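Residue-level structure breakdown
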Amino acid sequence: MKKYINYLIILVAVSSVLSCSKFDDMSKNPYALYDSPSEGFVHPIVFKTEYNLMSVFRSTTSLLMQYAVSVNSEVSSRVIDNYNIPEGVTDDIWSTLYIQYGDAEAMYKKAVQENNDAMQGVALILKAFLISQITDTYGEVPFAEAGQLSFQENVNRFSTKYDTQKDIYRSIICMLEDANELIGKAQDEGKISFSAVCDKTFEGNLDLWRRFGNSLYARTLMRVALKVEEEDGGRLELDEKWEVISVKARLAQLYHDFQSGGGDYPQMRSIEDRPMVPFSDQFEPEHTPFYTTTSGNWNALAASDVMTRNMLDYVIKVDSDEITYYEYKAGPYYFDDTVDRSGHPEDPRYDAWWRKPTGMPVQLTNDARIRFLDAAEHKSKAGNSKIGRMTCGVDGNGNPSPSGITQKVFNLKNATEYPLMQFSELYFIYAEAGARNWIADASGVAAYLELFQKGIRESILEWRPDLTASSAWTLDYVNYCSNGQVYSDGNTFNSDNALEAILTQKWLSQFYIGIESWCDYRRTGYPLLRTDGPAAANNHILPTRMRYPSDEVYRNVVAYPEALNRWLGGTNNIQTDVWWADTRISKQIRLLGRQ
Amino acid sequence: MNGDALPGVAVFTNSGVGTITDEKGAYSVVAKKGEEIQFSCLGYETVTIQAGSPSLKRVVLKDDAQILETAVVTALGIKRDEKALGYSAQKVESEKFANSGTTGNWLNGISGQVAGLNIDRGSGPGGSMRVTIRGESSADLENNTALFVVDGVPMYNTSTASDAGGEGSSFAIDYGNGAADIDPDNIENVTVLKGAAATALYGSQAANGAIIITTKSASGQDNKFTVSFKTSFAADVLLSSPDLQYEYGQGVAGRDYYYYLNSAEGEDVSGLNPRPDLSSTVSMESWGPKMDGTEYYQYYNEAKGIGGHVDEFGSFVRDATPFINRGDWFKSYFKTGLTFTNGIVLSGRLNQDNSIRVSYTNNKVEGIVPNSPSMTHFISVRSSNKLGKWLSLETSLNYKGARNDNIPTSSGYGSTSIMYSLWCYAPNIDMSWAADYWKDQATFKQDASLTGGKNNAYFVANQCINNQKRDRVYGNVSMKADIAKGLDLTVRGGIDLTSDFRTQRQATSTQAKPNGWYREQDIDSKQFSGDFLLKYTTHFAKPDIDLTANFGGSIISRSYSNHSQTASALQIPGVYSLINTSHDPLTGNNSYQRQTNSLYGMISLSWKNAVFLDVTGRNDWSSTLSANNRSFFYPSVSGSVVLNDLFEFGRANGLINLMKIRASWAQVGNDTAPYRIQNYYQGTGFPGTVAIPTSLSNQNLKPEIVSSWEVGLELKMFRNRFSFDFAFYDSVTKDLISQMPVSYANGVNYVFVNAGSIRNRGIEASIGGTIIKTRDIQWKVNANFTRNRNTVVSLGEGIDSWIVAQYSTHAYMTAYEGGSLTAMYGKGYVRAPQGSVAIDADGKMVDVSGMLVLDSENRPQTTTDLQYLGDCAPDWKGGFNTSFKWKGLTFYIGFDGQVGGHVFSYTNWVLNYRGKGTATLAGREGGLIPVGVRETGDGNYVINTQEISPANIATYYHNKYDQTNGEANFVSTQFLKLREVRLEYAFPKKLLAKTKFISQASISVYGNNLWCLTSFPGFDPEAVTMRGSAVIPGFEILQMPTTAQFGATLNLVF
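Residues numbered from 1 in each chain as written. Chains lettered and ligands numbered in written order. Predicted model: local features only at pLDDT ≥ 70, side-chain atom pairs only at ≥ 80, totals over all residues. Heavy atoms only, no water.

Time to look at the overall build of chain B. On a plain count of helices and strands, chain B comes out with nine helices and 60 strands. Burial statistics for chain B: of 1054 residues in total, 58% are counted as buried. Contacts in chain B between residues far apart in sequence, at least 24 positions, make up 69% of those at least 6 positions apart. Here chain B displays about 39,800 Å² of accessible surface, and carbon together with sulfur accounts for 55% of that area. (Helix = DSSP H or I, 4+ residues; strand = E, 2+ residues; numbered from the N terminus. Buried < 20%, exposed > 50% of the residue type's maximum accessible area, 1.4 Å probe, protein only. Contact = heavy atoms within 4.5 Å. Areas by Shrake-Rupley, 256 points an atom, 1.4 Å probe, with all protein chains shown as cover.)

Okay, here's the thing in structure tokens:
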């Protein structure tokens, strides 16, 4: 009997040893991918980033920057346009873009491992773009330690240090310089593209990636220029490799290359070079963030009167509730060739964005807002509201389309592509640099007026593909902005009001581009926005940053309170300026909104 | 007892002639031949003997203590004497499951019966249940549930939920839990093994306790063949409803008119509008005008002639109709749920050595949500055969086939859920208007206008169908060989196979999937297990020691595969086929395999059958851990002393029948889920591309170890009329495997780590008594009490807190060192700091610390900082039940409840934020002055005297019950429930004997869940919400109503 028991024990022991060696195989997921080329990361990062930025524009930037006013009475406890912004409402950029940053970091490490210059360059552009969006939104954020855990398997660090925004911007500039160099080197070695399957935006075209990276570089230099000027006389120390740059000189160099279309820093040359990210309503991974938005929710945003005032010809009226508002003067309001528009042409972009010509005054109290919506003055004879809503009508076939100009223009809710960055932005950047006398070539009024006009023209074409540069409407409107429109000093475009004119047009051109116009406002104070309406909170300061996410306190126990105490005075407030916005000139102009 | 003569025994014959035994135990009674004579005495089993039988000369009555010394099935199917156990094991008999109207909720049968056991329910009938024993032992809430074991083989219960139409993990379609795959009519009894010592031999899967189910077999029955038949019927009706208001209708905040404009008409439609100056005020909120009969233009439907008339030109003209309360919009959506159960059992003990039992049950259910029928079939075969002198064979095979025609996405906050839609309606709506859910059937457009654009609740139930075909086969074959005297070997093989085919539909024109959506999922799971157990028993006469040694080993191999294909837009609306997709279907593959090999042994010693000692050891090898950490060993020691067998405690007088003290110490190792030790790329939906995982793997994961000790006392007194059981336990889980949240800045959200330790410490007590016991009447009372304290002992190096679970950013379950794992955090109201003062109306200085600080429009505000809200675990739980038996009639009533406990409630939010509840009536007319203070700007406060006008009342409530304000929506779940009432009548055997073919018959009527006393504002304080693939405690996200169930059962045995 003992013999049998011994056999049995041996049998069990042998079988468990055998299966243990099988365990090594079993511990690996047979259906998973344990390795991938670096280019496999590109499209998901770009797509999710653009998805997030579109959605942030609609939920937050559109309200902060007074493109729109929220008229959704069902969420009256949280009104972003009145600066009642609790934590949690603006976590999206943090929680989405940092995850993408982790992927970009993993992609970069993989590209280094592959010794692939081109993909290192693309990864650096993505990293620079992502971290700039994050730091521009929240201020000081983790950077040096950010993304470092991705794909590690031996983790014993649970706190992630925050860096100053100045240090982050130093690195952004180095990353963009490196990217330009690396992709240039790859191109010199004959590599012109990577897999189009992995990159639905540029289809793997390295030249377009390099142009996009350098266009971001122009944006980045502009972002820090005023601050570096005030703080360090225009010189910014970088790293050991890139040493020190003069922001103005580098901007001038970029301008030169922009004009030539090539050079050391090739940038976007036309609308066609823009990064357009594809979307689709037929395939779940490509849905827009607005795919499930009902028409009721879509209509919860009304045009603000700041928008209609800047885009349409208006008369000032006071309604029965003694609220001042701006009424569209000419009619019929839809584009109609038979109407004489020579005096004050409407902005062609208005029809691509808004239906109905009346804007809502900003920062009304809740009951004033309801009374305004209900007032007889703001209804047509048929009882329909005259207040502008984002175009999302339905055409004869039941497909979404803006009403009146069916399918001719960009469809805000269900477009098939959205831009990560607009081409027109470059014109406005260089026009501003010209108006500030930073670039000798662009410093005369004539020079920056031309840049300003080109910017407006390109922006119209970006939104109205049915028009051309030589369409009468385009020409009329560009002409009106330079010679007809009166700015806050009571004059038409001149050297004194050029910055206001340029940045107001830039604000319009940044419709649906993430947080860019909010960054411009904080940096320059333009466009002039009212921040002391009857319902405005936050000490009548347009939020200078977004609150760190509420769960960061649990997720980043040591570093988070340190950061809070270092630059925010211990509270996660929305009144402290981020580093590049903290300039005398910006604060002065922003104060104009508080009378 | 002990062969002594027993005085005072009642002796009766059938004809009613009776006597009582004298002091020597002698008696005499006159009986006819063949008549039955019954001997009964308090504390002893009643014996019936036929007149003329030789055994009448010496009738032996067994005392209850002997009867109660029954065997319990412990780990690995080892049967033990209850008194030999050094740990707590509680047995629940089959009658407790007899009331299960639906198979899914047989677990109700142990709810409130077993101290230390906690059940979290997914909301809705047939919803999943999460069973935990003695608290949350691990930071991974999905990992804390008890193991289910059927006839010695662990069940393989894979995650069962599916996300609802791609709306993420905030809520899910609840496909029920695997424990529902057991036919409650087949359960002989259930033993709950609570502590680590009890489950040490089951290893890692049972680290959180085990529920051991023994199914019925024929081997114990008389030597004959029986057929039994059961039929039952149950009806489910809504148990309770929140306090809904019926005074104000749907409408937008601040407007004093109501106007219905069909949303798809758009705002540009002119000329049709009878009140041209007004646009639609239809809203999902109920801040509309008073339903006082004022005439407004309301819902209209030309085809049905609702809301208008046909004029002389034959065209439809809308009419203003009185705005009135049209009844119970909420309840009228739900139907009475119906459950029909029929079962037949053929059971035969063919001869001394062979028996077989075959049963078939079917279960037909109509749920309370419209269009939610299901059908379930159970077949079980259990046989036992003696193959030879030394070899016997036991087999058990079970099949369950479920056909669910529609499992609605019942709860959760998202447009695909029924409750999300339902909470948009209001009492001014006649629900029959909504029940006709088509706007244009030809183009597949739903009429969603009454819900302010959200899905029509009837459309969801009838067109967004989720169905399931689930087949499960499980069973085992076990062979026992008596090798030599005292030595036997049991070898067992088990299978557990599940095949689950699910389809999910989102109809065209739904909010989430306007172009339609369809998914097919094939889910298969397989478990093969094999084990052996060698047992040696011997007796040493000299010191009177019994020794039993067990040595065994097992291999459990599991594989799971979930393949899905999704059409993300449909070419032709209403056609649900993967071919009808307008793009390549998306594919998903979530599969794994894992294996655990184990060797274990146990030595049991007993001295004088009164002192018992068990020592066990087990080593596991798990495929889920890396080679260095794969093998882990853990021991246990337990012992008990039966004092009354060692010392004289008056057993002869029936004073103390059992006095046992027990103690145990044990460790159990717990491995992790597969594939957490090496990172791999995630798919992204875009072909050819990858992303890094958001949860980081960790090569160094080692098993977490639960160490616990327990002491207990068991007492039976007064001839077993009184029983008492008490346990104190302390259990610490070390090296917790947790998915630790880290800053998003790392590019990942979570990292798997071993960190920290959690302690659960508690007491359990149960007390029972038979208050009256006579020949015809028996009255029993039982009560139990459980109290568990959870403490986070440490969280590991450099870690200050963990988020255990969260809902959006509204509420968090967060563990801090020294706190509890189930502590809840969230934002609260802005309050005046300590020491704040204000001048009141009389010019007096008053302390206003802690008062609400109102904003410039006099509304409460929400803080930006998180604060402690309370704990979701109760302070204590208890159950009480009593049964009263008179002849064949039994009446049973059971209560249970808890004290303390909270939940973050979205139902509370929706009631108040949307103006649906009575709590929002104040101030609608005439306004109200909010209690609170306002800042004056210089750091001082004034007491608010300003009014919120009726026009602003909605925004006041919006602020007061802000979604992000955890404090505003954190509510108590303290409750007392009437869990069960049951009246059963067993027909007298004499009567049945006359029928010649019916041997037993009983009929019972019962009610489950009949009444609930609670301040919880929603439907059911016990029901929480299914999220991801698990029921997560602490968060109630738009739960379904709970039902009260009324049923009747007829049992016949032939």
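What follows continues from the structure just given.
Per the secondary structure count, chain A includes 19 helices and 12 strands. Residues counted as buried form 65% of the 595 residues belonging to chain A. Restricting the contact set of chain A to residue pairs at least 6 apart, pairs at least 24 apart contribute 73%. Total accessible area on chain A stands at roughly 20,600 Å², and carbon and sulfur atoms take up 49% of it.

Applying the stated criterion across every chain yields a total of 82 aromatic pairs over all chains. On the numbers, 4.8 Å between centres and 65 degrees between planes, the contact of Y333 of chain B with Y458 of chain B is edge-to-face. Residue Y333 of chain B is located in the loop between β20 (320–322) and β21 (337–349), and its partner Y458 of chain B is located in helix α5 (residues 457–463); the two are separated by 125 residues in the primary sequence. These aromatic residues form a ring-pair network of at least three members: F57, Y67, F290, W298, W353, W354, W463, W507, F511 and Y512 of chain A. Here R522 of chain A stacks its cationic end above the ring of W518 of chain A, 3.6 Å away from the centre of that ring. Seen from the ring of F975 of chain B, K977 of chain B lies directly overhead, with NZ or CZ sitting 5.9 Å from the centre. (Phe/Tyr/Trp six-rings, centres within 6.5 Å; stacked < 30°, edge-to-face > 60°. Lys NZ or Arg CZ within 6 Å of the ring centre and 35° of its normal.)

Before going further, it helps to spend a moment on the sheet that holds strand β59 (residues 1035–1036) of chain B. By way of backbone hydrogen bonds, the strands of a sheet pair with one another, either parallel or antiparallel. Residues and elements named next belong to chain B. Strand order across the open sheet formed by three strands is β54-β51-β59, with mixed pairing between neighbours. The open sheet has two edge strands, β54 (970–972) and β59, and neither has a second partner. Sheet topology places strand β51 (residues 902–905) next to β54; three bridges connect them, and they run antiparallel. Within β54, the residue paired with V903 across the bridge is V971. (Pairing = 2+ DSSP bridges.)

Next up on the list: the environment of D256 of chain B. All names here are of chain B. Along the chain, the position of D256 falls in the loop between β16 (225–238) and β17 (295–297). Of the residues examined, D256 reaches a relative accessible area of 64% and is grouped as exposed. Along the primary structure D256 and A951 are separated by 695 residues, whereas in three dimensions their C-alpha atoms are 8.2 Å apart. Apart from the residues within four sequence positions on either side, D256 is in contact with P289 and Y296.

Below, the discussion takes up unusual backbone geometry. Negative phi values dominate among residues other than glycine, just as trans dominates among peptide bonds. Following Y526 of chain A, the chain continues to P527 of chain A via a peptide bond in cis, the omega torsion being -5 degrees. Relative to the helices and strands, P527 of chain A is located in the loop between α16 (516–524) and α17 (552–555). The phi angle at D151 of chain B is positive, at roughly 45 degrees, despite the residue not being glycine. For D151 of chain B, the position within the fold is in the loop between β10 (147–150) and β11 (153–154). The backbone of F444 of chain B sits at a positive phi, close to 60 degrees, despite the residue not being glycine. Tracing the backbone through its elements, the reader meets F444 of chain B in the loop between β25 (438–440) and β26 (445–446). Exposure remark for F444 of chain B: the relative accessible area of 11% places this residue in the buried category.

The interface of chain B with chain A comprises 111 residues on the first partner and 101 residues on the second. With both chains or domains summed, chain B and chain A bury close to 9,200 Å², and 56% of this area falls on carbon and sulfur atoms. Viewed at the interface, chain A and chain B are joined by two salt bridges. The partner of K513 of chain B in a salt bridge is E284 of chain A, and the shortest N-O contact between them spans 3.7 Å. Taken together, the connections running from chain B to chain A amount to 20 residue pairs in polar contact (both at pLDDT 80 or more). Sort the elements by how many residues they give to the side of chain B that touches chain A and strand β31 (residues 586–607) of chain B lands first, with eight residues. Its residues assigned to classes, the side of chain B that touches chain A comprises 49 nonpolar, 46 polar and 16 charged. (Buried area = accessible area lost by both parts, 1.4 Å probe. Salt bridge = Lys/Arg side-chain N within 4 Å of Asp/Glu carboxyl O. Polar contact = N/O pair within 3.5 Å; in protein donor to acceptor, adjacent residues only side chain to side chain. Nonpolar A, V, L, I, M, F, W, Y, C, P; charged D, E, K, R; others polar.)

Take the nonpolar core next. W209, Y430 and F511 of chain A are the most contacted members of the largest nonpolar core, which totals 180 residues. What W209 of chain A contacts, discounting residues up to four positions off in sequence, is V42, V46, V122, I125, L126, I183, F194, D199 and F202 of chain A. F334, V369, M419 and V804 of chain B belong to the second-largest nonpolar core, a separate cluster that totals 86 residues. (Core = buried A, V, L, I, M, F, W, Y, C linked by side-chain atoms within 4.5 Å.)

Mean pLDDT over chain A: 88, with 90% of residues reaching 70 or higher. Predicted confidence is poor over residues 398–408 of chain A, with pLDDT under 50, and the contacts of this stretch with residues over four places away or in other chains come to 28 contacts. (pLDDT = per-residue confidence, 0-100.)

A separate point is the pairing of strand β38 (residues 737–741) of chain B. All names here are of chain B. Within β38, four of the five residues are buried, leaving the element largely enclosed by the surrounding structure. As paired strands, β38 and strand β39 (residues 750–754) are joined by five bridges and run antiparallel to one another. Bridge pairing links P741 to Y750 in β39.

This next bit is on the sheet that holds strand β7 (residues 89–93) of chain B. Residues and elements named next belong to chain B. In space, the five strands of this open sheet follow the order β7-β14-β15-β10-β11, with mixed pairing throughout. Of all strands in the sheet, those bounded by a partner on one side alone are β7 and β11. By the bridge criterion, two bridges tie β10 to β11 in an arrangement that is antiparallel. Counted as the bridge partner of V150 is V153 from β11.

Another aspect to go through is the state of the cysteines. Residues and elements named next belong to chain B. All chains considered together, the criterion is met by zero disulfides over all chains. Lacking any disulfide linkage, C1012 is separated from the closest cysteine sulfur, that of C872, by 17 Å. A relative accessible area of 21% means that C1012 is categorised as partly exposed. (Disulfide = S-S within 2.5 Å.)

Below, the discussion takes up the side chain of E285 of chain B. Structurally, E285 of chain B can be placed in the loop between β16 and β17. R914 of chain B is the oppositely charged side chain nearest to the buried, salt-bridge-free E285 of chain B, at an N-O distance of 5.0 Å. The residues contacting E285 of chain B, other than those within four sequence positions of it, are S73 and E74 of chain A together with Q250, G251, Y913, R914, K916 and H958 of chain B. (Lys, Arg positive; Asp, Glu negative; His and termini not counted.)

Residue and element names in this part refer to chain A. It is at 6 Å that the axes of α16 and helix α19 (residues 584–591) come closest, and there the two elements cross at 105 degrees. One finds that α16 runs roughly perpendicular with respect to α19. Contacts between α16 and α19 involve Y521, R522, R523 and T524 from the former and S586, I589 and R590 from the latter. Grouping the constituent residues of the contact of α16 with α19 by class yields two nonpolar, two polar and three charged. (Axes fitted to C-alpha atoms, helices over the stretch in contact; angles between N-to-C directions. Parallel < 35°, antiparallel > 145°, perpendicular 65-115°, else oblique.)

A contiguous patch of positive charge on the surface is contributed by R775, K887, K990 and K994 of chain B. With respect to the helices and strands, R775 of chain B occurs in the loop between β40 (757–773) and β41 (777–794). (Patch = residues over 30% accessible without salt bridge, like charges linked within 9 Å, V, L, I, M, F, W, Y side chains within 5 Å. Charge placed at Lys NZ, Arg CZ, Asp CG, Glu CD.)

Before going further, it helps to examine the packing of helix α2 (residues 42–64) of chain A against helix α4 (residues 117–138) of chain A. Residues and elements named next belong to chain A. Orientation of α2 relative to α4, taken along the N-to-C sense of each, is 20 degrees, at an axis distance of 11 Å. Classified by the angle their axes make, α2 and α4 are roughly parallel. The handedness of the crossing between α2 and α4 is left-handed. Together, V42, I45, V46, T49 and L53 of α2 and M119, V122, L126, F129, L130 and Q133 of α4 make up the contact between the two elements. Along the lines of polarity and charge, the residues of the contact of α2 with α4 split into nine nonpolar, two polar and no charged. (Left-handed = near helix turned anticlockwise from the far one by under 90°.)

Next up on the list: α19 of chain A. All names here are of chain A. Inspection of α19 places S586, I589 and R590 among the buried residues, and these make up the whole buried set. The buried residues of α19 occupy an angular sector of 100 degrees when the element is viewed end-on, so they sit on one face. At its buried positions, α19 is contacted by α16. (Arc of directions from axis to C-beta.)

For the rest of this paragraph, the subject is the side chain of N573 of chain A. Residue and element names in this part refer to chain A. Topologically, N573 is positioned in the loop between α18 (559–567) and α19. In this structure N573 comes out as buried when scored by relative accessible area, which is 15%. Apart from residues no more than four positions distant in its own chain, N573 is found in contact with R545 and L568.

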